[in-house]
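Examination of the molecular architecture
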Amino acid sequence: RAYWVFRGNIPAVHPPSTGRATPVTNAASSLTRYSAAAATSVAARLQRIEDREAIEKLLIVYGQLLDEQDLAGYSKLFAANGVWEGGIGSATGPQEIFTMLETVLGRTAPDAYGSDYHLMSDIIIDVDGDTATSWSRWTWLVEGADGKPMPQRAGHYEDKLVRENGQWRFLHRLTVTELPTPAK
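First things first, this report covers the structure right here in the doc.

Basis of the calculations
Residues numbered from 1 in each chain as written. Predicted model: local features only at pLDDT ≥ 70, side-chain atom pairs only at ≥ 80, totals over all residues. Heavy atoms only, no water. Helix = DSSP H or I, 4+ residues; strand = E, 2+ residues; numbered from the N terminus. Contact = heavy atoms within 4.5 Å.

Digging into the environment of Ile-125
Among the structural elements, Ile-125 can be located in strand E5 (residues 116-128). Distance from Ile-125 to Glu-56, taken between C-alpha atoms, is 7.9 Å for residues 69 residues apart in sequence. Here Ile-125 is in contact with Arg-52, Ile-55, Glu-56, Thr-133 and Ser-134, once residues within four sequence places are set aside.

As structure tokens, this is what we get:
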């Protein structure tokens, strides 16, 4: 029979015929060190998973608040020095973002598009401690003349995010409209 001996993080198999034996205390000590390292790794991986879930929720809630035209809630998704940048301009900080959107959306009749909503997809998130980046697609669907959903615009977001007061916030959100394509 062979037996396992753990040295550092690498298990080694020794057949009994070699006569080599590793005292149980050394094996237990190595297993304890390995388990502590594994626990740290598991905790770090779990934190990254939880961070990714929180960021994905932030991206989805962003679209929901925009669809509901809850501009106060929407603007609070940005860090104190967060930047929104896109085809309608740019603004820095929650209050400026709120004011910019209030002005832009105020120019559009409330029922101009009927029922509408944003669809978020193809979300990629990279977390690095208290900062992260993300890339995602968006499609703005509106009610067509026949009452069926119709894509109005589509594009992607490029985000830099930061954990601020324990919550993930947008540090910089670039909104890129890809469809319809700009006139050439």
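With respect to unusual backbone geometry
Cis geometry marks the peptide bond from Leu-179 to Pro-180; its omega dihedral reads -5°. Along the chain, Pro-180 turns up in the segment after strand E8 (167-179). Despite not being glycine, Gln-69 shows a phi value in the positive range, around 55°. By the element assignment, Gln-69 lies in the loop between helix H1 (24-67) and helix H2 (71-75). Although it is not a glycine, Asn-165 sits at a positive phi angle of roughly 55°. For Asn-165, the location among the structural elements is in the loop between strand E7 (149-164) and E8.

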